[in-house]
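The chain contents come next:
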Amino acid sequence: MIQAIGLTSIPRKEQPPAVDNVSFEAHAGRVTALLGAPGAGKTTVLRLMLELQRGRGITYFRGRPLHRIAHPAHEVGVLLGDVPGHPARSVRGHLRMLCAASGLPARRADEVLEAVGLVSLRDERLGTLSRGMDRRLGLACALLPDPHTLVLDDPARGLAVAERRWLYDMLREHAAQGGTVLCGTADPKEAARFADHVITLDGGRIVADQRAADFARTRLRPRVAVRSPHAARLSVLLAQQARSTQRSVEVVREGGNRLCVYGSTCAEVGETAFRHGIVVHQLADEIGDMGPGAGADAQPQQAPESQPSAETGPQPGPNPNPEPEPDPEADPESEPNPEPEPNSDPNPNLCPEPEAAATPNPDPDPEPDPEPETATPAPASPEADPAASTPPESSPDAPDDDASQAAPPQQQPTTPRTTPPAPRPATVTLPPSILVRPAPTPLRPVRYEIRRAAGVATGYIVGACVLAVSALTAVLLARIGHTPQPRLLAAWPVELPLPPAALGAGLLGALAFGDEFRHPALAADRGTVPRRLGLLTAKLFVASLTALALAVLTVGCTAELLYLVYGGELVALPADWPALTAGWLALVTGCAWAGVLAAGVFRSTTAGLAAVVAVPLLVVPAVHKITEGPSLRGPRPFAGRLADGLPLRRTFVGEQHLEALLRLLAQPVGGAMALSVLSLLCAYAFTGLRSRVR
């Protein structure tokens, strides 16, 4: 169950808030639709509920706010737009990566793929998926941790009829198994068809909170759409006929040659046009939207009264000649499927749940209405509204039930029969429930980071480019000469601030966090990439392993190529190779760490790489100037005292390693890299604490 209390967004400057004091409930076992036109505040409400946007109010998910839930993804599945995944990652790889982040076994990805029908596309890249397949993948990501609640923002936007039907069937199946579903939509007819409860927003406020049957009866009205070159004349004739027969008929001009006739039928309008010789280009049944808040204050079982226009007659009360409803038993597959009009029903084949057959009752679990339904003739026009094939308990024609009771006896249908409830579609199945969740382990973020880094070819391409550039640079430096052997093996010209291997390690480290912010797979329900210590440690660990592998491969490839081209003189092992090796590995690892931390602080891959390049260009000269200057207490500089090592000798076992570390820090590049990494680590910790306080 969802309980939203007083949701209010923060206004910008002098403008009113986009959402103002929105409170509602979405019960378990039901599909709740959040209806509103574009700009009404649906997305803002959902973001406030999920704490993705700052504002006032609170939302409880089964009695707990989201920030009090240890693992929000296990409680709430979110789909607020397209799948935020790397376009070069495969469908199966993306789900396996999310499984690692949630601590789920890898086989869970295959189970969810089978449930959403993407088994045949599991090796496709995310960037090649169509709109419908992307929505299926988004629903798979939401269902992956087996959440109790689903929150979706207009998931059927831009989908075909079949894809829309499948999506809503999945949502209804989730609700039938005891889950809670909250789905935003902008189509009132769609909301009346798939939802059990409809909450209408307009201007950031709730204007109606109704059951689906009450919503369909009070807001949606049947009408006849007419197009004729003599629309004005036909409008006058229909108004005259309504006054002469004392009927409540409303004729509305919608611009050009289009008329909308409320309270009549296609047969009556067509006969009137035929008797007076008026050419008709279109004659079809439609469902008209009465606007947000229509019937919000209406009492249950009260039929809405149509507003008369200047061309209609008086309003004597209920409509004595209601429009006949189509047969709810009619098979929509056997009827032609014409091109829908702008106001016609976009999805004719969705059937509402049997719960929609209940009479309006404030009881949250009403019983079905045992009253028998009456048979009504089918529509005569092949362009009739497809929504008319839905059962009358959720059809917008429901007001005519009360109106028909007040009609003359000779106009009442005489063939009563009981309409069975619409069966639930059996073509959708949810993935199996997770009965036992594994305990959190420190290896969970490491598995996630390994699958994230290995799931795309970017890391492999960067590594191959680094090795190729290093090998060519080493060959050119050996040909030119005058290059020391350590720089020759590292392919580090004096003119460059860093060797190619260090730049490549820094770029891979920057990609570790830069891709998270560019393709926030972990931020679908959090708004931003979580700044957790475990995730940072995993990224630093994987970046260190990658940097060490890149450093070793670079030296090995350059040494082998130099041996093949120039012989063994240039690849002889130097005497101080342990210190040189430690300094080389520390330099490459430090660049990788600087890239990870800078990208995490500035939320950009470019900023992370820029921080790596700024270390030798800006930080090294500053550190060199500080450490090489004379001290106030003596003539020797600070770097010289660090290079001497420890003042006390042979006092503990790690003396040699500590002295080597001090000598490394005494070098300008080593000290600048250590200072930069420490500063970035403090900045990352500060930004993480600030976001947690917010």
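Just so you know, these numbers come straight off a predicted model, no measurement behind them. (Residues numbered from 1 in each chain as written. Predicted model: local features only at pLDDT ≥ 70, side-chain atom pairs only at ≥ 80, totals over all residues. Heavy atoms only, no water.)

## Things to note about the side chain of Thr44
By the element assignment, Thr44 lies in helix 1 (residues 42-49). Owing to a relative accessible area of 16%, Thr44 belongs among the buried residues under this scheme. Those residues in contact with Thr44, other than ones at most four positions away along the chain, are Ser9, Ala18, Val19 and Gln53. (Helix = DSSP H or I, 4+ residues; strand = E, 2+ residues; numbered from the N terminus. Buried < 20%, exposed > 50% of the residue type's maximum accessible area, 1.4 Å probe, protein only. Contact = heavy atoms within 4.5 Å.)

## A word on the sheet that holds strand 7 (residues 149-153)
Pairing is mixed in the open sheet, where six strands are placed in the order 6-7-8-3-9-10. Pairing within the sheet leaves two strands with one partner each, and these edge strands are strand 6 (76-79) and strand 10 (205-211). Each neighbouring strand pair of the sheet contributes to a mean axis angle of 15 degrees, computed without reference to strand direction. As judged from the four bridges shared by strand 3 (residues 31-35) and strand 9 (residues 197-202), these two strands associate in the parallel manner. Looking across to strand 9, one finds that Leu35 is bridged to Thr200. Helix 8 (residues 212-219) rests against strand 3, strand 9 and strand 10 of the sheet, and its axis sits at about 110 degrees to strand 10. (Pairing = 2+ DSSP bridges. Axes fitted to C-alpha atoms, helices over the stretch in contact; angles between N-to-C directions.)

## Focus on the environment of Pro145
Structurally, the position occupied by Pro145 is in the loop between helix 5 (131-143) and strand 7. Contact partners of Pro145, with chain neighbours within four places excluded, come to Ala73, His74, Ser102, Leu104, Ile434 and Arg437.

## With respect to helix 3 (residues 91-102)
For helix 3, which comprises 12 residues, the first-to-last C-alpha distance of 17 Å matches the rise-based estimate of 16 Å (1.5 Å per residue) to within 8%. Those residues of helix 3 that fall on the buried side of the exposure criterion are Val91, His94, Leu95, Met97, Leu98, Cys99, Ala100 and Ser102. In this structure, the buried side of helix 3 is in contact with helix 2 (72-75), helix 4 (107-116), helix 5 and helix 12 (443-454). Gly103 lies just past helix 3 and shows a positive phi near 75 degrees. (Expected span 1.5 Å × (residues − 1).)

## Observations regarding the pairing of strand 7
When you tally the buried positions in strand 7, you get five out of five residues, the bulk of the element. Residue alternation in strand 7 divides its side chains into two sets, Thr149, Val151 and Asp153 and Leu150 and Leu152, and both sets are buried. Examined bridge by bridge, strand 7 and strand 8 (residues 180-185) share five bridges and lie parallel to one another. Within the sheet, the bridge partner assigned to Asp153 lies in strand 8 and is Gly184.

## What to know about the packing of aromatic side chains
On inspection of all chains with the given rule, the structure shows three aromatic pairs. Both rings, one in Phe513 and one in Tyr684, keep their centres 5.8 Å apart while their planes meet at 45 degrees; by these two values the pair is tilted. Note that Phe513 is positioned in helix 15 (residues 500-518) and Tyr684 in helix 21 (residues 668-693), a separation of 171 residues in sequence. Each member of the pair, Phe513 together with Tyr684, is buried. (Phe/Tyr/Trp six-rings, centres within 6.5 Å; stacked < 30°, edge-to-face > 60°.)

## Notes on the side chain of Glu449
Mapping Glu449 onto the fold places it in helix 12. Using a relative accessible area of 1% as the deciding quantity, one classes Glu449 as buried. At a separation of 2.7 Å, a polar atom in the side chain of Glu449 contacts the side chain of Arg452. If near-sequence neighbours (up to four positions away) are discounted, Glu449 is found in contact with Ala512, Ala538, Lys539 and Val542. (Polar contact = N/O pair within 3.5 Å; in protein donor to acceptor, adjacent residues only side chain to side chain.)

## What to know about the sheet that holds strand 13 (residues 258-262)
Here we have four strands laid out as an open sheet, ordered 12-13-11-14, and antiparallel in their pairing. Bordering the open sheet on either side are strand 12 (250-253) and strand 14 (282-289), each of which pairs with just one other strand. Direction aside, the axes of adjacent strands within the sheet are offset by 30 degrees on average. With eight bridges joining them, strand 11 (residues 220-227) and strand 14 adopt antiparallel strand pairing. Residue pairing across strands places Val226 opposite Leu283, the latter belonging to strand 14.

## Overview of the packing of helix 16 (residues 533-566) against helix 17 (residues 577-602)
Direction vectors running N to C along helix 16 and helix 17 enclose 140 degrees, while the axes themselves pass 8 Å from each other. In this view, helix 16 runs oblique relative to helix 17, as classed from their interaxial angle. Handedness of the helix 16/helix 17 crossing: right-handed. Two secondary-structure elements touch here, helix 16 through Leu536, Lys539, Leu540, Ala543, Ser544, Ala547, Leu548, Ala551, Val552 and Val555 and helix 17 through Trp584, Leu585, Val588, Thr589, Ala592, Trp593, Val596 and Leu597. Looking at the contact of helix 16 with helix 17, its residues break down into 15 nonpolar, two polar and one charged. (Parallel < 35°, antiparallel > 145°, perpendicular 65-115°, else oblique. Left-handed = near helix turned anticlockwise from the far one by under 90°. Nonpolar A, V, L, I, M, F, W, Y, C, P; charged D, E, K, R; others polar.)

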